[in-house]
Every structure is written in structure tokens, then in C-alpha cells.
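Chains, contacts and geometry: an overview
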Amino acid sequence: MQKRKLLYQLNPGVKGSGDFQKQVDIITCSQNAFLTGNSKNVQTRNTRSVRRYVYGLAVVVFFFLAGFNNNSSAQQKAVYNMFLEEPIPANGTEVFFNAPVLRWPFQKGKRATYDVQLSPSSSFEKSATLTAEKLSGAMYNPHQALATGNWYWRYKVTGKDWSAVYHFRITDKAVSMVSPTAEKFLASVPNEHPRILANGKADKLTAFINTPDARTILSEADRALSRGIYTEADAQPAVKGFNAEQDKKILSDAIVALGNHVYKMVLPLCQAYLLTGKIVYRDKAIAMGMEVAKWDPEGVSGSRDFTDGMCMYNMALVFDTFYDDLSAIQRQTLQKAIALRLSKFYNSWVNNIESKVLSGHVWQLILNEFFKSTLALYGHEATAGAWLSYGYELFLGRSPVLGGTDGGWGEGASYFQMNMETLVEIPAFIKQYTGFDFMKAHPWYQQQADWLIYHFPPLSSADGYGDNTEDLFEPPASYASFATVMAKLMQNEKYAWYADQLIRQQQPDLAKELVLRWFRMKYTSHLSMPAAANPKYFPMGYISRETGIAALHTNPANTKNDVMVTMRSSPFGAYGHILADQNTFNILAGGKRLFYRTGYKVAMDDPHRLKWSKHTRSMNGMLINGEGQPYSVESNGYFSRFLQGGELAYMKGNAANAYQSKETKEDYGVSKFDRHTVLLKPGIIVIYDELKAENEVSWSWLIHSLKNMKLDTVHNSFTATMEDWRGVGRLWSSAPFSWDITDTFAVPAVVYRNYTGMMTKKYENAQWHVKATNRQKNKQLRFLAIIQVDKNGAVIGFKETTTEKRITKISVGDWEIEAALSSDLAPHLQIQSMARKVAFTAYGEELGFLGNTYKGKTANSSKLIELVNGKITFTETGDQLLPPIR
């Protein structure tokens with residue numbers, strides 16, 4: 001990052017500007033670094049410095065071009081399909097990592113293998129070409145740094161013709177990601193056991209015996225000693241549902257519960273033995289492992305992938321932890337039983353998962369169980385090397401599969417918990433054996449600290465995206481465990497701040513939290529905790545463009561006095577635990593849900609989830625002729641603009657593609673859905689929607705609250721309260737509209753899974769839903785909403801006027817907001833506060849401020865000007881492209 005001088009020409013001829021030129025300091029950085037919080041050369045500390053100290057510099061000006069690089073037209077369009085449909089990287093794309101991972105559409109047929117050639121020469125001269133043959137999956141990692149310049153590659157199914165030639169560019173900005181080959185990793189696996197929970201027999205764990213974690217583990221192991229041995233017959237439903245589908249789900253729960261019960265017996269027994277050496281723990285664990293070895297992998301225990309994976313891993317723990325104490329027959333029995341389940345997973349994954357956009361259970365738990373189980377069998381089972389190599393390459397080539405490079409998690413805060421151990425433990429094994437530190441190399445691991453702080457703050461509900469976030473009213477103990485581990489491993493001050501806040505304010509009992517407990521105790525207890533970040537440097541907002549989520553705050557370091565606005569506009573459509581919520585927002589106040597999505601994930605195929613909580617109608621979003629977004633990964637969106645300062649933060653989402661899917665054969669004809677969302681301090685939210693369809697349609701603007709809402713149809717206003725917070729909103733539109741309010745779901749949430757092992761739930765069916773729909777159908781429409789949020793009802797009234805140019809002007813407190821509502825006017829949203837010395841425009845060639853006129857470098861850009869400590873800060877951005885598929 002370099003600092004340079006620039007003569008910035010103020011617009012001549014405007015009162016107050018004169019003909020003078022103003023000298024300002026500029027910090028130059030790529031637009032992607034500003035938008036995502038990471039630079040192309042992964043100087044994350046420098047990037048954070050830009051964001052932290054932007055208000056302390058003399059005069060800071062950011063100029064961004066309308067593409068990520070000069071070859072932006074060649075950038076891959078990030079529309080995810082169920083399976084990869086086009087080879088990547090291609091079309092001259094400037095790749096992010098060096099070495100890049102090459103991926104291509106898989107060819108059906110489990111026996112298919114592939115050959116690949118990669119060369120700096122388009123003619124693939126033999127001496128300069130890297131060649132790989134008979135690859136088992138549709139993926140290739142060269143595991144070496146490539147020289148800068150153009151690179152060419154092609155692939156083929158072994159024995160068939162070559163594909164077309166694809167090419168990409170390596171620049172000196174590419175992030176180094178040179179991992180060891182799978183062969184090197186395998187060669188580094190030690191011969192002795194244990195490998196999973198300890199680093200061989202010499203690893204003395206008795207030193208931890210008096211720690212809170214160890215004491216809790218021993219207590220759990222003692223309880224396990226008092227229990228009987230579980231059998232497959234224990235996978236019996238405890239209750240009956242109200243219909244066949246519910247009975248099916250209850251049976252599934254019982255089977256998964258069996259796997260959990262065995263895991264919560266075997267794991268602490270193995271750990272307790274390593275801590276104490278007591279034979280009683282060993283004998284009970286072996287007995288349980290031998291019992292599982294008798295279970296049919298094609299029977300009950302293999303009928304649910306989670307249970308199948310846990311059975312496999314439970315046996316692997318016993319095989320690995322007690323290898324030297326097992327009889328030859330016991331080893332052979334366990335090895336055979338583990339291998340049968342490993343083989344089943346491998347055969348269902350290879351030449352498939354590497355090309356699939358997401359297979360949730362694989363990436364949540366099972367890949368980690370597969371990796372560690374294969375690690376235990378390596379050197380004993382003939383095919384374990386191929387299995388372990390595949391798991392190694394799959395993780396390095398795709399992880400973090402829902403996180404991109406700029407932090408965030410596609411399936412949301414609830415399901416992120418299920419990925420925590422996979423994201424930490426597999427790279428830890430790789431580092432332990434080879435020295436390669438994937439976590440330090442990959443920028444996601446640094447940027448994820450921002451996602452934690454901004455999307456799931458201490459003492460706050462989560463941002464509202466993804467299944468089961470309705471259950472999260474504050475970060476659970478797993479988040480404190482993860483943040484503590486990451487703070488120490490990464491020496492990251494933001495993780496340290498987050499962990500410290502959770503531990504001090506929420507006081508979780510980490511010793512009772514199973515997620516990363518052993519890892520935290522064994523691998524990080526000796527590491528120092530870095531100093532916590534100074535929260536006074538936290539900016540108002542954070543955005544992850546690759547994941548497609550953003551959050552704005554008035555006070556990100558103080559939840560009790562914070563107004564939080566979240567928005568999702570993501571390349572990932574509604575798939576897995578991702579909901580149909582493109583361009584939807586949530587508003588939280590003091591960590592409480594003021595205007596927030598409604599409903600519950602009763603079960604994946606439950607009618608309430610399918611017809612309400614997953615559906616766009618449950619969100620603060622938009623319906624088209626009463627229809628929401630298709631349940632398809634293809635129904636995508638993206639953030640095209642993002643700006644922030646000290647008093648105002650702005651984001652713009654594009655969801656024009658969110659209302660169609662070839663996969664589901666739905667297309668509601670939407671050609672434009674741009675949502676501009678602005679947060680103004682101390683707590684005013686402005687939402688400006690530009691809508692266009694191919695035909696005349698009904699547009700329904702939605703907003704929800706969990707508690708009683710009031711609607712004033714005379715003044716087109718709505719109100720919600722949550723404890724001592726109150727939100728009052730008003731809606732304007734380019735056409736007359738009608739209101740509808742209800743406090744019932746279209747499909748009720750029915751409790752039927754309340755039993756031991758499941759979270760006890762109480763569904764509140766009285767949640768509030770407000771809808772505004774244009775009275776006559778229109779091809780084009782605009783909505784403007786202004787929502788005031790404050791404590792104790794301290795809300796100021798709206799003052800509205802219309803200018804000669806038909807621009808609607810609204811005054812709210814010390815803010816003035818202008819918007820073009822009529823669809824025959826050019827889009828216009830401008831906001832300023834003379835008291836706060838701030839001016840903003842969403843569009844335009846210039847922006848007036850304190851008697852001067854400012855022009856930027858990008859046509860029709862969004863512009864933000866602030867006067868801070870007597871110095872002017874000017875920021876602008878144009879529309880950004882979709883982030884590339886990685």
C-alpha cells in the first residue's frame with residue numbers, strides 16, 4: 001500500500017469552490033480490498049489499517065474502477081449450479097491463488113479418471129508442461145508456484161479426446177497457496193499410534209489433568225462407565241408423530257441420536273485414558289467399539305450419513321487410541337468394519353463432491369471424520385492411501401466451501417457451528433505433518449473474525465440468515481471456543497476481542513462445550529492470547545461479497561446501544577440450509593430482533609419450513625405476483641456497491657436473477673431488483689428499491705416482527721417494539737398501494753420433535769407480517785422506506801416536501817433524504833446532514849458539500865463526503881461485478 005499526493009480538482013464555477021486546487025493524501029488500494037476487507041496480496045494487517053485509521057488520516061480519498069481488474073470483462077460469472085458446468089479458471093481470468101486449483105465438470109460414471117495438462121505454452125511443449133494422469137476426481141492442484149504470465153490447460157477423460165484449451169493469468173498479486181503434494185503428506189504420517197487424539201506414545205497428556213477441560217472430560221468418562229453398551233436396537237423412536245412424514249423424521253432422529261450417544265461415550269473414554277492411563281476407560285471404550293463393529297453398515301446405522309460417519313469415527317478412535325493394546329483379532333475386526341464404511345463414503349464422493357456446489361453433511365462433519373478415520377487406518381489398509389489422498393486434495397481444493405476468501409458463511413450462524421472442527425482440525429493435521437499452514441495462507445481465516453463481530457455480536461441475536469438462526473439469541477459457547485482457538489492460532493486481535501467479550505459478558509462454560517474442546521486444550525493452551533483489538537477503530541460495516549452478506553452497525557462494539565442492519569445478496573441461491581432471502585434485510589436493536597424474519601425450521605421437509613420459513617414471504621423482502629424466489633442454487637444475487645464512513649454506511653444489492661431458475665423451471669420475469677440500504681447514525685434506516693419486470697406484475701414489499709406490530713394506513717406507517725426499543729417506519733411508492741397485516745403464518749409451525757436429544761422448542765405462531773402491494777400491476781415500481789429506531793420511544797416525526805423536479809424530500813432529525821420515486825425519473829437517492837457534516841449520493845456525476853462540488857473518477861458512482869476533524873474524506877464506488885467462482 002502506497003501513499004501519494006494528488007491534485008484533486010474541485011468543480012470550478014460553484015460558489016465557494018473558486019478556481020483553487022486542493023492537495024489531498026490518497027491511499028491507493030484495489031476496490032476489492034475495500035469491499036471485502038482483504039487485499040489481493042493478503043496484507044490483511046495493512047488492509048485492516050486502512051479500515052481502522054481512515055478517519056485519522058489527513059484527507060483520504062478512495063477511487064475505484066468499475067471492475068476488479070483491467071480484464072474484468074473476462075471474469076467468470078458466479079452463478080452457481082448444482083454441479084460445476086464450466087471449467088475454472090478460464091477466459092484469461094486473473095487467479096487469486098498461486099497455485100490455482102483447476103476444476104471441471106465431472107463425467108458421470110464412478111470409474112471415470114482424468115488426465116490434465118498445464119503449461120505456459122498454448123502448444124503444450126513437453127518440456128514446459130505439467131501432466132497428471134488418471135486423477136480420480138475432476139480437480140487438479142499442481143502443488144507448485146507458477147511463473148507470472150498466461151497459463152494454458154486442458155483435461156480429458158482418460159483414453160478420450162482432450163477438451164478445449166482454457167487459460168488464466170498469474171500476476172505478482174496472487175496469494176501464495178503452495179501446498180505439499182498428497183504423496184508428501186502421506187509420507188509424513190507416522191507409523192505409530194495414536195494419531196488422532198495424540199502424537200504417538202511419547203505425547204504426555206497427563207500435564208492437562210487439572211485443567212477444567214480435563215476434569216469435565218473425566219466426569220463425562222465416569223458417567224459413560226455407568227452406562228450400558230449401546231446396540232442397534234436402541235435406535236427406536238420414543239414418540240409418534242401426527243402423520244407418516246413426521247414418523248419418518250422421528251425415526252431418523254432416533255438413528256442419529258444413537259450415533260451421538262455412542263460418540264459421547266467413546267470420545268471421553270478415549271480422552272480420559274490418554275489423560276490418566278486408567279485401564280477401566282480403555283476396556284469400556286474397546287467394548288463399545290467392538291459392538292459397533294458388529295453393526296451392518298448397510299443396515300440401521302448406515303441408513304443416515306451422520307450416524308454412519310460417527311460409527312466409522314468411533315471405531316477409528318478405538319482402533320487408533322488403543323492400537324497396541326488390541327488383540328490381532330480385535331484390530332482385524334475394527335479395521336474391516338471401518339474400511340467398509342470409509343469405502344462407502346469414498347465411492348459416493350469421488351468424481352462427484354469436488355464438482356458439487358455444496359454437500360452440507362460432507363463439509364459439516366463427515367469429511368473430518370473420514371479424514372481422521374483414514375489417517376488411523378493408513379499403513380494398515382491397502383486402499384487407505386487413496387482415500388486419504390482424496391480427502392486431502394478435496395479439502396485443499398474446495399475449503400472453505402461456503403466462505404470464499406473474504407470471510408462469512410453461506411449457510412449462516414447456526415450451521416457454521418457444525419463446520420468449526422472440520423475447518424480447524426484438518427489443516428492442523430496438515431501443518432503438523434508437513435509444516436504447511438493452510439490457515440495462515442488462506443485469507444478467509446483472518447477475515448472470518450469480522451464476520452463474527454458484525455453478524456453475530458456478543459449478547460446479540462444472529463443476523464437472521466440460514467436455517468435455525470431463529471434459535472440463536474446470543475452466540476453459544478461454541479463461538480467462544482472457536483474464537484479462542486483462532487485468536488491463538490492466527491494471533492488475530494479481532495478474534496481475541498470477540499472471544500474476550502463472549503467470555504466476560506456471556507460467561508460460557510467452555511469446559512462443557514464439546515466443539516474444539518480437546519483441540520483447544522491440547523494444541524492451543526500453551527499459545528499466548530494476542531492483545532484484543534481496540535474497538536474504537538471498528539468501522540460501521542462489514543461485507544463479504546463472495547458469500548453475499550453484509551452488516552451495518554451504529555455501535556458495533558457495544559451491542560446494548562447498537563442498531564444493526566443486515567442484508568443478504570449472494571451468489572449462493574436457496575439450497576441446503578440457505579433460504580430464499582436474496583435482497584432481504586433484518587434490523588436488530590440492542591441485540592434484539594426488531595424487524596426480523598419469521599418462522600421456524602421444524603424439519604427440512606416440514607410444510608411450515610417449505611411454505612413459510614424458507615420462503616421469501618417470511619422475510620423482509622419482495623414478492624412478485626405473490627411468488628417468492630425459487631428454491632434453487634441458481635437463484636442468486638450479489639452486492640454491487642458498498643461504502644461506509646463515520647456517520648453513514650451504504651450497501652446496494654442486485655437480485656434481478658433471484659426470481660428465476662432453470663433447475664426448477666420458474667421465471668417470474670424480474671429484470672431489475674436493486675435494493676439500496678443506508679444506515680444513518682444514531683438509528684435511521686433508508687431502503688430504496690428499484691424494480692422492473694418484463695410484464696405488469698404485483699410487487700409486494702414485506703416487513704415482519706416477532707412482536708405486536710401496528711399499522712397506520714392513513715400515514716403509510718408501521719411500528720414495532722421490542723423491550724425498550726421502538727421502530728417506526730414509513731413507506732412511499734411510485735404507485736398507490738394497499739396494506740395487509742396478519743399475525744398468523746400461512747402454514748402453522750407444529751411441535752412434534754420435542755424429546756430427549758432434541759432442543760426443546762416452543763413455537764410462537766403469533767408473529768407479525770406486514771405487506772404493501774401496488775393496487776394496479778406495473779412493469780416498473782419504486783419503494784422508499786425510512787425506519788427510525790431508538791430507545792424508549794424517542795422517535796422524531798417525518799417532514800415531507802416535493803421539489804420542482806418531483807423529487808421527494810424527507811427530513812428526519814438532522815438528516816435530509818431525497819429520492820426519485822417516479823419510475824419515469826432517473827434513479828436518485830441523496831442524503832445529507834449539515835449538523836453531522838456528511839453528504840451522500842447513490843448516483844450521479846457530482847455531489848455538493850459545504851458550498852463545493854465534488855466529482856469522482858467513476859461515471860454515475862455512489863459518493864460519500866464527510867468532514868472529520870476539519871478534514872474532508874471523499875469516497876466513491878461504481879457497480880462491481882459478481883465475484884468469481886473459486
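The structure under discussion appears in the preceding block.
Summary of the structure given here. Remember, it's a predicted structure, so these values are computed and weren't measured experimentally. (Residues numbered from 1 in each chain as written. Predicted model: local features only at pLDDT ≥ 70, side-chain atom pairs only at ≥ 80, totals over all residues. Heavy atoms only, no water.)

Our next topic: helix α16 (residues 493-506). In a regular helix each residue adds 1.5 Å, so 14 residues correspond to 20 Å; α16 covers 19 Å between its end C-alpha atoms and thus fits that length. Among the 14 residues in α16, 10 count as buried, and that is most of the element. Listing the buried residues of α16 in full gives Glu 493, Lys 494, Tyr 495, Ala 496, Trp 497, Tyr 498, Ala 499, Gln 501, Leu 502 and Gln 506. With a side-chain oxygen positioned 2.8 Å from the backbone nitrogen of Lys 494, the residue opening α16 is Asn 492. (Helix = DSSP H or I, 4+ residues; strand = E, 2+ residues; numbered from the N terminus. Expected span 1.5 Å × (residues − 1). Buried < 20%, exposed > 50% of the residue type's maximum accessible area, 1.4 Å probe, protein only. Polar contact = N/O pair within 3.5 Å; in protein donor to acceptor, adjacent residues only side chain to side chain.)

Turning our attention to helix α6 (residues 279-293). With 15 residues, α6 should cover 21 Å at 1.5 Å per step; its first-to-last C-alpha distance of 21 Å lies within 8% of that length. Considered for burial, the residues of α6 that qualify are Tyr 281, Arg 282, Lys 284, Ala 285, Ile 286, Met 288, Gly 289, Glu 291, Val 292 and Ala 293. At its buried positions, α6 is contacted by α4 (212-225), α5 (244-276), α7 (305-321) and α8 (328-349). (Contact = heavy atoms within 4.5 Å.)

Turning next to the environment of Ile 453. If you trace the backbone, Ile 453 turns up in helix α14 (residues 444-455). Classification of Ile 453 by relative accessible area gives buried; the value is 0%. Sequence separation of Ile 453 and Val 812 is 359 residues, and the distance between their C-alpha atoms is 29 Å. Those residues in contact with Ile 453 that lie beyond four places of it in its chain are Lys 494, Trp 497, Tyr 498 and Phe 538.

A few words now on the pattern of salt bridges. Under the counting rule described, the total for this entry stands at 30 salt bridges. A salt bridge links Glu 291 to Lys 294; its shortest N-O distance comes to 3.1 Å. The class for Lys 294 is exposed, based on a relative accessible area of 62%. The salt bridge partner of Lys 372 is Glu 425, with a shortest N-O separation of 2.7 Å. Separated by 53 residues along the polypeptide, Lys 372 in helix α9 (residues 360-377) and Glu 425 in helix α12 (residues 420-434) bring together distant segments of the chain. Residue Glu 425 is classed as buried on the basis of its relative accessible area of 11%. Among the charged side chains, a network of salt bridges with common partners joins Arg 641, Lys 652, Asp 674 and Asp 879. (Salt bridge = Lys/Arg side-chain N within 4 Å of Asp/Glu carboxyl O.)

What follows deals with the nonpolar core. Within the largest apolar cluster, 143 residues are counted, with the highest numbers of intra-cluster contacts made by Phe 416 and Tyr 479. When residues of this core are assigned to their parent elements, the largest contribution, 14 residues, is made by α5. Sequence-distant contacts of Tyr 479, defined by excluding residues within four places in its chain, comprise Ala 413, Ser 414, Phe 416, Gln 417, Met 420, Trp 451, Leu 452, Phe 456, Tyr 498 and Leu 502. Judged by nonpolar contacts, the second largest core, of 50 residues, contains Phe 595, Tyr 659, Ala 720 and Trp 768. (Core = buried A, V, L, I, M, F, W, Y, C linked by side-chain atoms within 4.5 Å.)

To continue, consider the environment of Arg 753. Following the sequence through the fold, Arg 753 ends up in the loop between β29 (737-742) and β30 (768-774). Separated by 512 residues in the primary sequence, Arg 753 and Gly 241 have C-alpha atoms spaced 8.2 Å apart. Setting aside anything within four residues of it in sequence, one finds Arg 753 in contact with Lys 249, Asp 253, Val 602, Ala 603 and Met 758. A distance of 2.8 Å separates a polar atom in the side chain of Arg 753 from a polar atom in the side chain of Asp 253.

This paragraph deals with the sheet that holds strand β18 (residues 622-624). Strands in a sheet are paired, the pairing made by backbone hydrogen bonds, and the direction either parallel or antiparallel. On the basis of which strands lie adjacent, the open sheet formed by four strands has the order β18-β25-β30-β29 and antiparallel pairing. With partners counted over all chains shown, the strands left at the sheet margins are β18 and β29, one partner each. In this sheet, adjacent strand axes meet at a mean angle of 25 degrees when their direction is disregarded. Direction of pairing for strand β25 (residues 699-705) relative to β30: antiparallel, over a ladder of six bridges. Directly across from Ser 705, in β30, lies its bridge partner Trp 768. (Pairing = 2+ DSSP bridges. Axes fitted to C-alpha atoms, helices over the stretch in contact; angles between N-to-C directions.)

As for its position among the elements, Asp 213 is in helix α4. Owing to a relative accessible area of 11%, Asp 213 belongs among the buried residues under this scheme. Polar contacts involving the side chain of Asp 213 include one to the side chain of Arg 520, which spans 2.7 Å. Once residues within four sequence positions are removed from consideration, Asp 213 is found in contact with Leu 510, Ala 511, Arg 517, Arg 520 and Met 521.

To continue, consider the sheet that holds strand β31 (residues 778-791). The strand order β19-β20-β23-β24-β31-β28-β27-β26 describes an open sheet built from eight strands, whose pairing is antiparallel. Pairing within the sheet leaves two strands with one partner each, and these edge strands are β19 (638-644) and β26 (709-712). Each strand axis lies, on average, 15 degrees off the axis of its neighbour in the sheet, ignoring direction. Bridge count for strand β23 (residues 670-680) against strand β24 (residues 684-697) is 10 bridges, and the pairing is antiparallel. Across the sheet, residue Thr 677 finds its bridge partner in β24, namely Ile 687.

Let us now look at the packing of α5 against helix α17 (residues 517-524). Two quantities define a packed helix pair, namely the angle between the axes and the distance from one axis to the other. Running from amino to carboxyl end, α5 crosses α17 at an angle of 25 degrees, the nearest separation of the two axes being 12 Å. Considering their axes alone, α5 and α17 lie roughly parallel with respect to each other. Both α5 and α17 take part in a crossing whose hand is left-handed. For the pair α5 and α17, contact is made by Gln 271, Leu 274 and Leu 275 and by Arg 517, Trp 518 and Met 521, respectively. For the contact of α5 with α17, the residue count by class is four nonpolar, one polar and one charged. (Parallel < 35°, antiparallel > 145°, perpendicular 65-115°, else oblique. Left-handed = near helix turned anticlockwise from the far one by under 90°. Nonpolar A, V, L, I, M, F, W, Y, C, P; charged D, E, K, R; others polar.)

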